[in-house]
Amino acid sequence: MSEKKLQLYFMEYSAKQEKSIGKFGAIITCKCPNCRQGDMFQYSLLGNLPKFNKLHDTCPKCSYSFHPEPGFYYGAMYFSYGFNVAIMVSIFIIAQIFFQPTLIQLLIAVIVPTILFVPVNFRLSRALMLHLFGNLDATDRK
Ligand SMILES: [Zn+2]
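All of these numbers come straight from a predicted model, not from anything done at the bench.

**Quick look at the overall build of the protein chain**
And step 1. Across its full length, the protein chain carries 5 helices and 0 strands.
And step 2. The proportion of buried residues among the 142 residues of the protein chain is 17%.
And step 3. Within the protein chain, contacts between residues at least 6 apart in sequence are counted, and of these 56% link residues at least 24 apart.

**Thoughts on helix α5 (residues 118-133)**
And step 1. Its 16 residues place the ends of α5 22 Å apart at the C-alpha level, agreeing with the 22 Å of an ideal helix rising 1.5 Å per residue.
And step 2. Within the sequence span of α5, burial applies to Asn 121, Phe 122, Arg 123, Ser 125, Arg 126, Ala 127, Leu 128, Met 129 and Leu 130.
And step 3. On its buried face, α5 sits against α2 (23-28) and α3 (76-98).
And step 4. One or two positions beyond α5, positive phi appears at Asn 135, with a value near 60 degrees.

**Comments concerning α3**
And step 1. End to end, α3 covers 33 Å across 23 residues, agreeing with the expected 33 Å (1.5 Å per residue, within 8%).
And step 2. Within α3, only 1 of the 23 residues are buried, which leaves it mostly out in the open.
And step 3. One or two positions beyond α3, positive phi appears at Gln 100, with a value near 45 degrees.

**So, the packing of α3 against α5**
Helices that pack against each other are described as a pair by the angle of their axes relative to one another and the distance between those axes.
And step 1. Relative orientation of the contacting elements α3 and α5 amounts to 130 degrees, with a least axis distance of 8 Å. Judged by the inter-axis angle, α3 sits oblique to α5. For the pair α3 and α5, the sense of crossing is right-handed. Packed against α3, whose contacting residues are Ala 76, Phe 79, Ser 80, Phe 83 and Asn 84, the element α5 presents Asn 121, Phe 122, Leu 124, Ser 125, Arg 126, Leu 128 and Met 129 at the interface.
And step 2. Across the contact of α3 with α5, the residue classes tally to 7 nonpolar, 4 polar and 1 charged.

**Regarding the nonpolar core**
And step 1. Membership of the largest hydrophobic core comes to 15 residues, with the highest contact counts inside it found for Cys 32, Met 40, Cys 59, Ala 127 and Leu 130.
And step 2. Contributions of two or more residues to this core are made by α2 and α5.
And step 3. Per-element accounting of this core gives the leading share, 4 residues, to α5.
And step 4. Ignoring any residue separated from it by four or fewer positions in sequence, one finds Met 40 in contact with Cys 30, Lys 31, Cys 32, Leu 55, His 56, Phe 66, Ala 127 and Leu 130.

**Things to note about the environment of Ser 44**
And step 1. Inspection of the secondary structure assignment puts Ser 44 in the loop between α2 and α3.
And step 2. Looking at Ser 44, the number of C-beta atoms within 10 Å reads 12, which means it is exposed.
And step 3. C-alpha of Ser 44 to C-alpha of Lys 54: the two residues are 10 residues apart in sequence and 9.9 Å apart in space.

**Comments concerning unusual backbone geometry**
Backbone phi values are negative for most residues with the exception of glycine, while trans is the configuration of most peptide bonds.
And step 1. Of note, the phi angle at Cys 30 is positive, near 55 degrees, even though the residue is not glycine.
And step 2. Here Cys 30 shows up in the loop between α2 and α3.

**With respect to the confidence of the model for the protein chain**
And step 1. Summing up the model confidence of the protein chain, the mean pLDDT is 86 and the portion of residues at 70 or higher is 82%.
And step 2. Across the protein chain, the secondary-structure element scoring lowest on mean pLDDT is helix α1 (residues 3-19), at 59, and the one scoring highest is α3, at 95.

**So, the packing of α3 against helix α4 (residues 103-116)**
And step 1. Running from N to C, α3 and α4 point in directions that differ by 145 degrees, and their axes come no closer than 9 Å. Where α3 crosses over α4, the handedness of that crossing is right-handed. Here Asn 84, Ile 87, Met 88, Ile 91, Phe 92 and Ala 95 of α3 lie close against α4, whose contacting residues are Leu 106, Ala 109, Val 110, Pro 113 and Thr 114.
And step 2. In the contact of α3 with α4, the residues fall into 9 nonpolar, 2 polar and no charged.

Thresholds, definitions, all that
Residues numbered from 1 in each chain as written. Predicted model: local features only at pLDDT ≥ 70, side-chain atom pairs only at ≥ 80, totals over all residues. Helix = DSSP H or I, 4+ residues; strand = E, 2+ residues; numbered from the N terminus. Buried ≥ 20, exposed ≤ 12 C-beta atoms within 10 Å, placed from the backbone. Contact = placed C-beta atoms within 7 Å. Expected span 1.5 Å × (residues − 1). Axes fitted to C-alpha atoms, helices over the stretch in contact; angles between N-to-C directions. Parallel < 35°, antiparallel > 145°, perpendicular 65-115°, else oblique. Left-handed = near helix turned anticlockwise from the far one by under 90°. Nonpolar A, V, L, I, M, F, W, Y, C, P; charged D, E, K, R; others polar. Core = buried A, V, L, I, M, F, W, Y, C linked by C-beta atoms within 7 Å. pLDDT = per-residue confidence, 0-100.

Here it is, written out as structure tokens:
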């Protein structure tokens, strides 16, 4: 196989790889909104939990900036708030229907999972913010 054909083969292969993950999958797995391959965060969630908030400056694969403007991620707090309310209300309703807990039990049952979900919540909120408002021009996507 000539070098030119080999190069074309790899270009087609990488184009297929790009399309293999959808926008929703890219948000859930915190991938770059541009190429959907590069990781937004420097460390895996399970590998290094204390550094769960370390975000790359640019995409390791395509150099797309993960910091479109100063203070961009303040808006992610609204998503985070929404996720927290969803978690708390869900647990409250399930606990009330199935267990009828006392007030202290209910507070513990609501607060502990909310704290445990902080890393996941933080990452999903930032990924959602970047994917929705990252000012990505769809025509630039290769
Ligand atoms: Zn990228």
